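# Structural characterization, general
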Amino acid sequence: MVAPAQTLAVYNVPAKLLDQFRGCDVIVRSASPQELVDRLKSVENVRVRFLQFSATTEDTSCLESCGTGIPLDIVLHDPASQYQQLYSYSNLLDTHPIRITIPVVPGFSKAVKLAISLQFAVKLDVQQPDEALLRELESVLEFYLHRSVVNQSIEFFHSLLFSFYRNEPASLWEITEKDPALVRYVSAAGDEALKQAEERIECHGCEFLDRCRSYFKYPDANYNCDGIKRVFRSLANAAAEVKHDLETYTATEVVAQS
Amino acid sequence: MMGNHFSIILLPTNKCNVNCEYCFEDKTDDRMSLAQLDLVITKVFDYMDESGIHGLTIHWQGGEIMLVPPDWFERAFDLIQNAAAKRGKFVENGLQSNMIAYHRRWNGIIERMFGNSVGTSMDFPNVHRKLFNGSAADYTKIWKFNVQTALAAGISIGVIAVPNQATLEAGAEKLFSFFVDEVGVSSFQINTPFPGGEQNGAKKSLGLDVHELGAFFADLTDVWLERGCDRAISVGPIDELVKTFTDGSGRLPCIWQANCADEFISIDARGFVAQCDCWVTSYPEYFFGNIYEAGGLAEMLATSPARRKFVERPGRIIPQDCIDCDYLAMCHGGCPVRTYTFRGSMFEKDPYCEVYLAMFRKAEAAAATLSTSRAFKLPTPRLVQIERRESLPF
């Protein structure tokens, strides 16, 4: 058992261990929405960043009038078969910001599309996609970048697009909430994962290192990044387009007003 | 269950004063008493308390709503406002009438209770809307006179129009001219027809060729862009679609909500509760229950097998092919009652799918054109989206 340190990190903790994290910033997770509600009511002096629960068939109406305004992160484990279930969460949008965390596994794009169609934000849980998955990932990127029905963010695309747009460095570890300096994942047994992934030597010289930070070289250091570089390049190009659009628009406005 | 706002379509009378051939309602002579209204409001507020809901919108219609006299509404309004004040609720009211029985004695309550606004219905050309003792032309003449009288009194009028084969033959330009130039309204919307209720010859002719109807909507979009957009003329759902594609701010009609079961219910004069006015007047097998007799609305909605079908509909039909559609976000499989009345099952996508696709494509293109020309004084949709996405709470 690790005692919570007084850091700026947020602790991702199982609901049953919440009372050990009084005074801390926490992400509270559970498989059960009712357990989250019960713990929120019983444990004081915690700063809840968001609540996280797994998509199951369990009724979530208990969350509609509890913890109003606290963001909810709903985690799909098998998106290809679970995506229709997203309809049952749309009522929660009236009282909570909602994000759907979707693993990048075959068929995940249907869940992304429906989540965005229901006005949910999306976080992709990506590891080292093979060629087939990369094609699906690129189709989702195309959807995110170019469809006017998309009004919500899809992470990690969104933060990277911003990073390119503002010409600022970023870290995929941070964006995916896997940087233990920022998010400390506490297991059901109360153990903390603290190991920081290091940049791989083979990544030096890569044009995207200051954003990827070797994310895609874990766990397999031999992973071929050519496909994922296409994703980065598309985002960089899109950011350049947006910048150009905005400059053109601003110039047009100046002409119109003069 | 339904977020922080609740809506009911309330029918205090099931009786009507006209004889429209395509009406989906099976009429009765039932009328809600003020005591029954009090019971309805109490149970609705109880439900809102249990669900943590503050706001209520009541859409008043019939039957024909103006068969209930204005003084009944004066007392109903006081009853509702007093109850709302005691229970800490906010209530808005909307009125939908055929305007055939309109008289200036309605003006006071229309201003006090309904924000000086009335929704009505008329088709162009009028084929199916008829009086009990008179033709469609007679109906149109009375309607037009009453609408123009109300407009002259400063009442805002919105019109719902249902196209027929003659509408498609006349074309979008003539329809627009009839409502805007001839009648003088600045807001109308087009609803697609469906053969609800007891069948007859007129209802068998309601189905229109989806390609022709899609082309009609595309033409109407062009007419609106040319003649309505800059004059603040609202042509629904076209203008709201364009807003949606521009910056996501459009308010789309109930047929395109993610799930109408999350949006509203309907209660008729007999106390029956169902999904909407289309269901509560004609399909007893889809009633959720009776609010006069039920212990509570929350339990009724939570346990009704009929309501469960509406709740489950999008999740069951989306995998059929809507999940592959570019416009899933706009439509979610469309309207249950249109599907049911044409197909005999609600677990299929809306039969007007092709029409909706044509409308969405046209509106998306129009939004791009308008954004480029800065008609909405906004940069491209993508930039708006990017700015909006910056303040995520996660």
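These remarks concern the structure in this document.

Rules used throughout
- Residues numbered from 1 in each chain as written.
- Chains lettered and ligands numbered in written order.
- Predicted model: local features only at pLDDT ≥ 70, side-chain atom pairs only at ≥ 80, totals over all residues.
- Helix = DSSP H or I, 4+ residues; strand = E, 2+ residues; numbered from the N terminus.
- Rg over C-alpha atoms; globule rule 2.2 N^0.38 Å.
- Contact = placed C-beta atoms within 7 Å.
- Buried ≥ 20, exposed ≤ 12 C-beta atoms within 10 Å, placed from the backbone.
- Pairing = 2+ DSSP bridges.
- Core = buried A, V, L, I, M, F, W, Y, C linked by C-beta atoms within 7 Å.
- Right-handed = clockwise from strand over helix to strand, strands pointing away.

All right, on to the overall build of chain B then. A count of helices and strands for chain B gives 16 helices and 10 strands. Rg of the C-alpha trace for chain B: 21 Å, near the compact-globule value of 21 Å for 394 residues, within the 12% margin. Considered along the principal axes of its C-alpha atoms, chain B spans approximately 60 × 55 × 40 Å. Of the contacts formed within chain B by residues at least 6 apart in sequence, a portion of 70% connects residues at least 24 apart.

It is worth spelling out helix H14 (residues 336–343) of chain B at this point. Residues and elements named next belong to chain B. Burial of H14 is extensive: 6 of the 8 residues sit out of reach of the surface. Its buried side turned inward, H14 meets helix H10 (277–282) and helix H12 (305–317). Gly 344 sits one or two residues past H14 and shows a positive phi near 80°.

This part takes up the sheet that holds strand S9 (residues 272–274) of chain B. Consider a sheet: its strands pair through backbone hydrogen bonds, and that pairing is either parallel or antiparallel. In space, the 6 strands of this open sheet follow the order S3-S2-S1-S8-S9-S10 (chain B), with mixed pairing throughout. Edge strands, defined here as strands with exactly one partner in the open sheet, are strand S3 (90–95) and strand S10 (289–290) of chain B.

Moving on to the environment of Pro 33 of chain A. All names here are of chain A. Position of Pro 33 among the secondary structure elements: in helix H1 (residues 33–42). Accessibility expressed as a C-beta count within 10 Å gives 24 for Pro 33, which makes it buried. Taking C-alpha positions, Pro 33 is 20 Å from Lys 123, a pair spaced 90 residues apart along the chain. With residues near it in sequence (within four places) discarded, Pro 33 still touches Phe 53, Glu 58, Thr 60, Cys 62 and Leu 63.

One finds Ala 115 and Val 122 of chain A to be the most contacted residues of the largest nonpolar core, which totals 174 residues. Here the element with the most residues in this core is helix H15 (residues 353–372) of chain B; it accounts for 8 residues. Once residues lying within four places of it in the same chain are set aside, the contact partners of Val 122 of chain A are Arg 99, Ile 100, Ile 102, Val 112, Ala 115, Ile 116, Gln 152, Ile 154 and Glu 155 of chain A.

The subject of this paragraph is the pairing of strand S3 (residues 47–54) of chain A. All names here are of chain A. Bridge count for strand S2 (residues 25–30) against S3 is 6 bridges, and the pairing is parallel. In the strand pairing of S3, Val 28 is matched with Leu 51. With H1 bridging S2 and its parallel neighbour S3, the resulting β-α-β unit is right-handed. Bridging between S3 and strand S4 (residues 72–75) involves 4 bridges; their strand directions are parallel.

With that settled, consider the sheet that holds strand S7 (residues 154–155) of chain A. Residue and element names in this part refer to chain A. Here we have 8 strands laid out as an open sheet, ordered S7-S6-S5-S4-S3-S2-S1-S8, and parallel in their pairing. Of all the strands in the sheet, the pair left with one neighbour each is S7 and strand S8 (183–185). Taken together, the 2 bridges between strand S6 (residues 121–125) and S7 define a ladder with parallel strand orientation. In the sheet register, Lys 123 faces S7, and the bridge partner there is Glu 155.

Residue and element names in this part refer to chain B. Where burial is concerned, the two faces of strand S6 (residues 187–190) differ: the one with Phe 188 and Ile 190 is buried and the one with Ser 187 and Gln 189 is not. By the bridge criterion, 3 bridges tie strand S5 (residues 156–161) to S6 in an arrangement that is parallel. Bridge pairing in S6 places Ile 160 opposite Gln 189. Two elements, S6 and strand S7 (residues 234–236), share 3 bridges in a ladder whose sense is parallel. Looking at the pairing, Ser 187 lines up with Ser 234 of S7.

By themselves, these are just geometric observations and shouldn't be taken as functional.
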